[in-house]
Amino acid sequence: QKEVEQNSGPLSVPEGAIASLNCTYSDRGSQSFFWYRQYSGKSPELIMSIYSNGDKEDGRFTAQLNKASQYVSLLIRDSQPSDSATYLCAVNIAGGGADGLTFGKGTHLIIQP
Amino acid sequence: DTAVSQTPKYLVTQMGNDKSIKCEQNLGHDTMYWYKQDSKKFLKIMFSYNNKELIINETVPNRFSPKSPDKAHLNLHINSLELGDSAVYFCASSQGRGGEQFFGPGTRLTVL
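Position numbers for residues count from 1 along each chain, tracking the sequence in the order it is written. All chains are assigned letters beginning at A, and all ligands numbers beginning at 1, according to the order in which they are written. Only residues with pLDDT of 70 or above have their local features reported here, since the model is predicted, and side-chain atom pairs are shown and tallied only from 80 upward, although totals for entire chains, interfaces and linings are computed over all residues. As a rule here, side-chain values come from all non-hydrogen atoms in the structure, and water together with hydrogens is ignored.

## What to know about empty space enclosed by the protein
If a probe the size of a water molecule is rolled over the atoms, the empty space left behind becomes visible.
Residues and elements named next belong to chain B.
Line of reasoning, step 1. Cavities and pockets were defined on a 1 Å grid built over protein atoms only: a cavity is a set of grid points that admits a 1.4 Å probe from which the probe cannot escape, a pocket is an open set flanked by protein on both sides within 12 Å along at least five of seven lines, and lining residues are those with an atom within 4 Å of any such point. Grid points are joined across faces, edges and corners, and a volume is the space filled by probe spheres set on the points. This model, assessed by the stated rule, comprises one cavity of 30 Å³ or more.
Line of reasoning, step 2. Counted as a void, the largest cavity has a volume near 50 Å³.
Line of reasoning, step 3. Forming the walls of the largest cavity are Asp30, Thr31, Met32, Tyr49, Asn50, Asn51, Lys52, Ser68, Asp70, Lys71, His73 and Leu74.
Line of reasoning, step 4. Secondary structure elements are taken from DSSP: a helix is a run of H or I of four residues or more, a strand is a run of E of two residues or more, and numbering for both begins at the N terminus. Of all the elements in the fold, those that place two or more residues in the lining of the largest cavity are β4 (31–37), β5 (43–50), β7 (64–70) and β8 (73–78).
Line of reasoning, step 5. Here the term charged refers only to Asp, Glu, Lys and Arg, the term nonpolar to Ala, Val, Leu, Ile, Met, Phe, Trp, Tyr, Cys and Pro, and the term polar to all other amino acids, Gly among them. When the residues that make up the lining of the largest cavity are grouped by side-chain class, the tally is three nonpolar, five polar and four charged.

See below:
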């Protein structure tokens, strides 16, 4: 059974600092990895996607993937109060008929002004 | 322009009723999905459609039936609604299997 684990938090980070969000997954066949941000009462918004080992940077966001350790992380630099939200880690196994994303339960991030 | 849209945004109904939720995407994607987010905010896949073919069904009761008239639409019909069906239902779409998925605004269903 596919599982995605995240620390539910809340994770409290001072404004301007780096927020580090972590995720582990159980299925070694996972090939696509995503981070979504969800504000209360809103839909998940795609922040980052990563498909190969290493780092991927986009603005203030960096996604890191280590398939050997089955670990994916998201770093948010220069954290802003507007970054306060729930961050959802999601994984996908391409092929084999399983195309829906398996989500973690999310990490609630609070950026303190 | 809205990329993925859903109607209605809110749906309040009585147990035992039948209801439908509509979803449309204008991204030109070939795969669409329905997800359920329960009261604990856990988001879980229900269905996905690729080229009008159902390709997964995650042990969802057969009271739920997705209908896709074309690649841009995936509607969700629910028969004999139960209290436990109360949740937020999200539609999503992607280009290709395993591609980035983009979510609609959600439909909050309340069954009384």
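## What about the sheet that holds strand β1 (residues 4–5) of chain A?
Residue and element names in this part refer to chain A.
Line of reasoning, step 1. Pairing in this open sheet of five strands is antiparallel, and the strands run β1-β3-β8-β7-β6 from one edge to the other. Of all the strands in the sheet, just β1 and β6 (54–58) have a single pairing partner and so form its edges.
Line of reasoning, step 2. Pairing between strands is defined by DSSP: at least two bridges between the two strands are required. Inspection of the sheet shows strand β3 (residues 19–25) paired to strand β8 (residues 71–76) by six bridges, in the antiparallel sense. Counterpart to Ser20 in the pairing with β8 is Leu75.

## Description of the pattern of salt bridges
Residues and elements named next belong to chain B.
Line of reasoning, step 1. Any carboxyl oxygen of Asp or Glu within 4 Å of a side-chain nitrogen of Lys or Arg constitutes a salt bridge here. What the rule picks out here adds up to five salt bridges over all chains.
Line of reasoning, step 2. Among the salt bridges present, the one from Asp85 reaches Arg63, with a minimum N-O distance of 2.8 Å. Within this pair, whereas Asp85 is found in the loop between β8 and β9 (87–94), its partner Arg63 is found in the loop between β6 (53–57) and β7, the two being separated by 22 residues in sequence.
Line of reasoning, step 3. Its relative accessible area of 4% is what places Asp85 among the buried residues.
Line of reasoning, step 4. Each member of the salt-bridge network shares a partner with another, and the members are Arg63, Glu82 and Asp85. When a residue's accessible area, from a 1.4 Å probe over protein chains only, is under 20% of the maximum for its type it is buried; when over 50% it is exposed; and in between it is partly exposed.

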